[in-house]
Amino acid sequence: CMPAIAAMDQGAGTTSVTGTDKNYLGEQKGGFRIGRYFQERGIAAVDVPMALIYWKALNGIIWGGMLVASYNFEPLRRVARRPWAHALRQRIQDRYPGQIAKMEEKVMSSAIRFAEWKYFRPVPQFMGLNAKRLVLALAETAVLYKVTMPIHVPFQFWAILYMMSSRARRTTMAEMRSDVGQLAESSRSTHPINLKHSDT
């Protein structure tokens, strides 16, 4: 994936946007699989929607952090400019002709499509960002997100399971305290305590 970043600076202005996003069904299936995973790990079915909300929120935080890093520091593009990265790119290109170009086209098309989304289009101007640099950062973020999935996806599962188990423990303790309080109140009302004073 890393060599695919090498030609982004030259291709950002010439890549055309074609096709439509066909990932909605895949996202729905993915959400179902994630929800089933949480249930298999002991999360109650009623709590699965909250776990999925946490999942989306963590995804947004991770993706946003990578976008900020890509815009400001260009980590993958810096690596891709190294001589060994050029050599690796050439070896991959020789072994799989045309595959790198297809991957670059796909990544850049997705980045430009997102940048031209009507809800995202005002962001660069509002925040004073360079539009071309932002498109390249979006493309780099897409690659960086995919490359680091073996790291951040297990972390997301662990963090959500930890948060949900902590939430369940707090709920259980609150219910126990409420039950104890109700039991004590019921006992006092059923068996009132009479204090008798004896004369000395």
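Everything quoted here is computed from the prediction, not taken from an experiment.

What counts, and at which threshold
- Residues numbered from 1 in each chain as written.
- Predicted model: local features only at pLDDT ≥ 70, side-chain atom pairs only at ≥ 80, totals over all residues.
- Heavy atoms only, no water.
- Phe/Tyr/Trp six-rings, centres within 6.5 Å; stacked < 30°, edge-to-face > 60°.
- Lys NZ or Arg CZ within 6 Å of the ring centre and 35° of its normal.
- Core = buried A, V, L, I, M, F, W, Y, C linked by side-chain atoms within 4.5 Å.
- Buried < 20%, exposed > 50% of the residue type's maximum accessible area, 1.4 Å probe, protein only.
- Helix = DSSP H or I, 4+ residues; strand = E, 2+ residues; numbered from the N terminus.
- Contact = heavy atoms within 4.5 Å.
- Expected span 1.5 Å × (residues − 1).
- Salt bridge = Lys/Arg side-chain N within 4 Å of Asp/Glu carboxyl O.
- Patch = residues over 30% accessible without salt bridge, like charges linked within 9 Å, V, L, I, M, F, W, Y side chains within 5 Å.
- Areas by Shrake-Rupley, 256 points an atom, 1.4 Å probe, with all protein chains shown as cover.

A. How the structure looks around the packing of aromatic side chains. Applying the stated rule across the entire model yields ten aromatic pairs. Counting every residue linked through ring pairs, the aromatic cluster contains Trp63, Phe114, Trp117, Tyr119 and Phe120. It is Arg133 that lies over the ring of Tyr71; its NZ or CZ is 4.7 Å from the centre.

B. Just the nonpolar core, in detail. Membership of the largest hydrophobic core comes to 20 residues, with the highest contact counts inside it found for Leu134, Val135 and Leu138. Among the secondary structure elements, those contributing two or more residues to this core are α3 (48-73), α6 (99-115) and α8 (131-147). Excluding anything up to four places from it in sequence, Leu134 contacts Leu67, Tyr71, Phe120, Pro124 and Leu129. Ile34, Phe157, Ile160 and Met164 belong to the second largest nonpolar core, which has twelve residues in total.

C. Layout of α6. In this model, α6 (17 residues) spans 24 Å end to end at C-alpha, consistent with the 24 Å of a helix rising 1.5 Å per residue. Those residues of α6 that fall on the buried side of the exposure criterion are Ile100, Glu104, Val107, Met108, Ser109, Ala111, Ile112 and Ala115.

D. Region of the structure containing the pattern of salt bridges. Summed over the entire model, instances satisfying the criterion amount to six salt bridges. Taking the shortest distance from any N to any O, the salt bridge between Arg81 and Glu74 comes out at 3.3 Å. As a salt-bridge pair, Arg89 and Glu104 come within 2.6 Å of each other at their nearest N and O atoms. In this pair, Arg89 is assigned in helix α5 (residues 83-95) and Glu104 in helix α6, connecting sequence segments 15 residues apart. Comparing Arg89 with Glu104, the two get one shared label, buried. One continuous salt-bridge network, built from bridges that share partners, spans Glu74, Arg77, Arg81, Arg133 and Glu140.

E. The arrangement of a nonpolar patch on the surface in detail. A grouping of Phe155, Trp158, Tyr162 and Met163 is seen on the molecular surface, where their side chains present a nonpolar patch of about 460 Å² in accessible area. Residue position: Trp158 is located in helix α9 (residues 149-190). With relative accessibility at 54%, the residue Trp158 sits in the exposed group.

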